[in-house]
Amino acid sequence: MPTTGQIPKWLSWWRSQCARLRSCWSIPDADTVLQARLLDHQIQGTALSGWLSDTLYLAFAVLALLTGSQSPDWGLPWIAFLAVWMLAMHRVRGKILCRSDLDAGLRLRTVLADRLVAGAAFTAGMGSLYVLRDDVWRTLIAGAIVAAVAGGPARYARLPQVAVPWLILMVVIAMDRTSAVGRPVDAILAIALGVYTVPLTLNVLATSRQFVHTFLREVEAERQKEMVQLLLSDVEGASSDWFWECDTQARLTHSSSRLADVLQQSPAQVQGAVLPALLAAAGQTPQSADVLRQVLHGTRPFRDLVVALQVGGRCQWWSLSGKPLHDVNGRPTGWRGVGVNVTEAHEHARTLEQLAQTDTLTGLTSRHGFNEYLQQHLMPGPLDQPSPLAVLVLDLDRFKSVNDAHGHGIGDRLLHAVGQRLLPLCLADECLARLGGDEFVLAVPGSVAPSTLQARGEQVLAALRTPFRIGALHIEVRASLGLAHAPAHGADPASLLSAADMALYAAKADGRDRLRAYDQAIGTQAQTRARMTNDLSRVLQQQELHLVYQPVFDTRSGTPIGAEALLRWTHPTLGEQGPLDFVPLAEETGLIVQIGAWVLRQACGDAVRWPVPLQVSVNLSPVQLCSRTLVAEVQQILTETGLPAERLEFELTETALATADGQVTETLRGLRALGVRLALDDFGTGFSSLAYLQRFRFDRLKIDRSFVQPLHDPAAHTPRALVGAIVGLANALALPCTAEGIEHTAQRTVLEHLGCASLQGYLLARPMPVAALIRFMETPAAAPH
């Protein structure tokens with residue numbers, strides 16, 4: 001017995017098989033009208049087929065009775081029954097089967113009943129004769145039965161609903177009668193007849209399916225024909241198009257009255273006129289008139305030849321199509337065609353082209369229009385060299401903060417205001433465009449001195465430094481500019497804009513609100529950056545990442561209290577890369593999430609193997625900090641590696657906390673709930689360090705190396721005071737304080753005197769692989785004192 005869960009599968013399978021079987025004689029998902037029409041086509045002709053079948057039945061019956069030496073006493077009544085049934089059903093077929101206005105289901109049931117009764121009567125009678133006759137006549141009777149069984153489905157194959165039940169009934173009766181004789185050969189004959197039923201049934205279903213497909217093709221052809229006729233009727237009666245016919249000299253021999261209306265002339269003036277001359281007089285351009293004359297003097301059909309005509313003082317656009325006419329001998333006799341008014345479509349296309357050329361937000365040229373401008377101006381000149389041209393690509397600095405603070409509506413108004421302020425700086429032959437987002441571009445054609453372009457760029461930057469007034473808001477924005485020249489930096493629009501984008505990126509990297517011109521160094525740097533970005537996608541698969549550890553020492557005892565995990569990338573061609581070389585790229589591409597997870601898992605796994613249970617510190621990226629799954633991921637790694645949570649410390653930079661929102665705050669709380677320690681790294685380099693101490697709970701502060709480096713100079717009183725203030729603040733908050741970047745003994749002495757709790761730097765220990773760190777821990781003498 002199938003289980004409860006298996007029943008729907010069996011039911012679904014059964015229903016699909018039933019639907020597949022029904023598709024042999026019906027149209028799935030068709031409406032009742034189409035189904036009834038199909039059934040009517042299937043029933044057509046069954047009246048004649050039924051009459052022929054009954055006649056053959058009667059002939060076989062009479063022949064079987066007359067050729068035997070004895071006639072059973074039921075023979076004549078049997079023949080009489082077949083004859084009466086044939087005559088009765090002949091009248092029924094004439095009254096019911098051939099009337100398509102009657103219910104199709106009733107007609108189908110009538111055909112089915114007729115065939116079942118006639119087939120059963122014939123097969124039962126012939127089977128009884130088979131039992132009574134000798135072997136010779138049994139062979140003839142068996143042949144008659146097989147012929148009836150095979151011939152019936154062939155005549156009714158388009159109606160499997162009738163043919164298959166009729167076939168099965170006849171075969172069952174025949175098998176029963178033949179097996180009643182009791183001879184082995186009769187049993188074999190009965191089995192063969194049953195087996196023969198299978199291919200006959202499959203043939204009926206296949207033939208019916210083919211009939212249904214043919215019917216659908218005929219219906220579709222009929223529908224298309226009706227649609228074409230309807231369209232032609234609409235064109236003739238209601239459209240503004242006109243038909244024309246001319247001789248080999250292009251003189252009109254026939255034209256629709258619409259042509260005279262279009263040309264505002266009488267039909268008599270149009271008739272007999274030369275078509276090209278007639279259209280030229282109506283305002284057609286000489287070029288299109290010449291083209292029309294050429295195609296009419298040829299022998300090939302033409303389509304969509306657009307001409308412009310002046311109709312009622314308004315320009316209209318017409319599309320002409322024509323095909324040549326020939327006589328019975330194949331000689332050309334003229335042309336026949338149609339003129340279609342395409343004015344609306346032409347104006348719509350022009351409107352779309354204008355929209356595509358214009359940025360809807362600012363009214364400046366769009367990216368599409370700017371690309372066409374570049375294509376036109378960068379076309380090769382007489383010496384196959386592109387014309388000189390310079391582009392200045394501008395990108396607003398920190399425009400996202402405007403959208404975040406005031407909404408996209410204010411941001412859009414600001415972009416419009418920027419475009420309007422830049423527009424007066426664009427000369428007549430130049431092109432100012434908005435490429436998208438907050439990116440604009442100015443194209444300056446011709447040979448312009450670099451100093452002039454530099455001055456133009458500074459003029460643009462200066463224009464944007466004046467605050468914008470958007471409603472009640474005063475918004476200050478700055479911009480970065482990238483400059484590139486053609487053909488020196490690119491001979492096509494894509495390469496030229498790419499060079500300008502590289503220069504723009506360099507301007508942003510230099511501090512923003514400035515102009516950078518593309519040079520070889522920028523190109524090399526961009527190529528290296530692109531290459532490293534591409535190579536980053538395979539660092540985990542190629543196992544090119546590894547960790548090194550720099551110990552952190554207690555100031556008083558000089559013994560290690562922990563180690564910071566530092567990431568390194570062994571690039572196959574560039575060599576070992578530090579975090580500053582590739583981590584920003586990983587953050588931009590999102591790969592930092594996978595890389596950060598690998599670093600955390602590797603650091604925890606290494607720390608478990610240390611001979612001394614020291615603390616391991618891992619740097620946490622801002623992208624990781626914003627992840628909703630970070631807490632669960634840390635908990636899973638701690639469980640898998642077996643590292644106690646209190647031995648793991650995350651170092652967070654002020655940059656990571658600058659974008660802190662509700663999710664970041666929740667993540668920090670979740671990490672503390674696990675028992676993980678949090679350290680504020682690079683303390684003092686941001687704008688709101690004290691605010692972070694108030695908002696979040698930390699376990700340690702790390703003094704940035706920029707405060708530590710000047711301490712080796714005895715005259716550096718200000719750095720000494722700043723570090724002393726940071727240490728005093730940390731002590732007041734009961735936070736251990738770590739100074740990093742210790743490279744000189746004087747720095748260490750000052751920090752010890754100021755009371756810094758722990759130290760880290762090259763003077764004490766350089767970053768080392770985990771194996772070297774383990775040996776270092778096992779050698780107390782190696783620790784600084």
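Anything mentioned here points back to the structure above.
In this text, all values refer to a predicted model and were calculated from it rather than measured experimentally.

*Asks:* For the environment of Leu 763, give the residues involved together with the corresponding values.
*Replies:* Tracing the backbone through its elements, the reader meets Leu 763 in the loop between strand E21 (758-760) and helix H31 (770-777). Its relative accessible area of 34% is what places Leu 763 among the partly exposed residues. Considering only alpha carbons, one finds Leu 763 and Gly 741, 22 residues apart in sequence, at a separation of 8.5 Å. Once residues within four sequence positions are removed from consideration, Leu 763 is found in contact with Ile 742, Glu 743, His 744, Thr 745 and Arg 748.

*Asks:* Quick rundown of the pattern of salt bridges? Include the residues and the values.
*Replies:* Summed over the entire model, instances satisfying the criterion amount to 24 salt bridges. For Arg 434, the salt bridge identified is with Asp 359, shortest N-O distance 2.9 Å. Separated by 75 residues along the polypeptide, Arg 434 in strand E7 (residues 431-436) and Asp 359 in the loop between helix H13 (343-357) and helix H14 (367-377) bring together distant segments of the chain. Residue classification places Asp 359 among the buried residues on the basis of a relative accessible area of 11%. Shared partners join several salt bridges into a network, and the residues in it are Glu 564, Glu 649, Glu 651, Arg 700, Lys 702 and Glu 740.

*Asks:* Please set out the sheet that holds strand E8 (residues 439-445) residue by residue, giving values where relevant.
*Replies:* Strand order in this open sheet of 5 strands is E7-E8-E6-E11-E12, and the pairing throughout is mixed. Looking along the sheet, the strands with just one partner apiece sit at the ends: E7 and strand E12 (515-517). Ignoring which end each strand starts from, the neighbouring axes of this sheet average 20° apart. Examined bridge by bridge, strand E11 (residues 478-486) and E12 share 3 bridges and lie parallel to one another. Pairing of Leu 483 across the sheet is with Ala 517, part of E12. In the packing of helix H18 (residues 493-509) onto the sheet, contacts are made with strand E6 (389-397), E8, E11 and E12, and the angle to E11 comes to roughly 145°.

*Asks:* An account of the environment of Leu 422 is needed here, citing residue identities and associated values.
*Replies:* Structurally, Leu 422 can be placed in helix H16 (residues 408-422). Linking Leu 422 and Leu 464, residues 42 residues apart in sequence, is a C-alpha distance of 8.3 Å. Setting aside its immediate chain neighbours within four residues, Leu 422 contacts Leu 394, Leu 432, Phe 440, Val 460 and Leu 464.

*Asks:* Outline H31, supporting the account with residue identities and numerical values.
*Replies:* Burial runs high along H31: 6 of the 8 residues are buried. When H31 is considered as a whole, its buried residues turn out to be Val 770, Ala 772, Leu 773, Ile 774, Phe 776 and Met 777. Packed against the buried residues of H31 are strand E13 (545-554), strand E14 (560-571) and helix H22 (592-608).

*Asks:* Describe the packing of aromatic side chains, with residues and values.
*Replies:* The final tally for this structure, using the stated rule, is 5 aromatic pairs. Ring centres 5.6 Å apart and planes at 90° place the aromatic pair Tyr 549 and Trp 610 in the edge-to-face group. Placement of Tyr 549 in strand E13 and of Trp 610 in the loop between H22 and strand E16 (615-619) is noted, with a sequence separation of 61 residues between them. Judged by its relative accessible area of 0%, Tyr 549 falls in the buried class. Overall, the relative accessible area of 6% leaves Trp 610 in the buried class. In this arrangement the basic side chain of Arg 421 is found over the ring face of Phe 468, its NZ or CZ atom lying 3.6 Å from the centre.

*Asks:* Tell me about the layout of surface pockets, residues and numbers included.
*Replies:* Here the second largest pocket is characterised by a volume of approximately 900 Å³. If you trace the second largest pocket, you find 30 residues lining it, with Tyr 505, Lys 508, Arg 512, Arg 529 and Glu 588 closest to the centre. Sorting the residues of the lining of the second largest pocket by element identifies E6, helix H15 (399-406), H18, helix H19 (520-536) and helix H21 (579-589) as the ones contributing at least two each. Looking at the lining of the second largest pocket, the element that brings in the most residues is H19, giving 8 residues. Each residue belonging to the lining of the second largest pocket can be placed in one class, and the counts come to 13 nonpolar, 4 polar and 13 charged.

*Asks:* For the environment of Phe 553, give the residues involved together with the corresponding values.
*Replies:* Mapped onto the fold, Phe 553 is located in strand E13. When its relative accessible area of 2% is taken as the criterion, Phe 553 is described as buried. Considered as a pair, Phe 553 and Gln 760 are 207 residues apart in the sequence and their alpha carbons are 6.4 Å apart.

*Asks:* Provide a residue-level description of the packing of H22 against helix H24 (residues 630-641), including the pertinent values.
*Replies:* Close contact between H22 and H24 brings their axes to 9 Å; oriented N to C, the two are set at 30°. Regarding the angle of H22 to H24, the classification is roughly parallel. Helix-helix and strand crossings are classified by hand; for H22 and H24 the assignment is right-handed. Touching Ala 597, Leu 600, Arg 601, Cys 604, Gly 605 and Val 608 of H22 are Glu 633, Val 634, Ile 637, Leu 638, Glu 640 and Thr 641, all from H24.

*Asks:* Can you explain unusual backbone geometry? Please cite residues and give values.
*Replies:* For the peptide bond that leads from Ala 486 to Pro 487, omega is 5°, which places it in the cis range. Positionally, Pro 487 belongs in the loop between E11 and H18. The backbone of Arg 398 shows a phi angle near 55°, a positive value even though the residue is not glycine. Within the secondary structure, Arg 398 sits in the loop between E6 and H15. With a relative accessible area of 58%, Arg 398 lands in the exposed category. Here Ala 734, not a glycine, exhibits a phi torsion of approximately 60°, which is positive. Position of Ala 734 relative to the elements: it lies in the loop between helix H29 (717-732) and strand E20 (737-740). Ala 734 sits in the exposed class, given a relative accessible area of 65%.

Reading guide: rules and limits
- Residues numbered from 1 in each chain as written.
- Predicted model: local features only at pLDDT ≥ 70, side-chain atom pairs only at ≥ 80, totals over all residues.
- Heavy atoms only, no water.
- Helix = DSSP H or I, 4+ residues; strand = E, 2+ residues; numbered from the N terminus.
- Buried < 20%, exposed > 50% of the residue type's maximum accessible area, 1.4 Å probe, protein only.
- Contact = heavy atoms within 4.5 Å.
- Salt bridge = Lys/Arg side-chain N within 4 Å of Asp/Glu carboxyl O.
- Pairing = 2+ DSSP bridges.
- Axes fitted to C-alpha atoms, helices over the stretch in contact; angles between N-to-C directions.
- Phe/Tyr/Trp six-rings, centres within 6.5 Å; stacked < 30°, edge-to-face > 60°.
- Lys NZ or Arg CZ within 6 Å of the ring centre and 35° of its normal.
- 1 Å grid on protein atoms, 1.4 Å probe; cavity = no way out; pocket = protein on both sides within 12 Å on 5 of 7 lines; lining within 4 Å.
- Points joined across faces, edges and corners; volume = space filled by probe spheres on them.
- Nonpolar A, V, L, I, M, F, W, Y, C, P; charged D, E, K, R; others polar.
- Parallel < 35°, antiparallel > 145°, perpendicular 65-115°, else oblique.
- Left-handed = near helix turned anticlockwise from the far one by under 90°.

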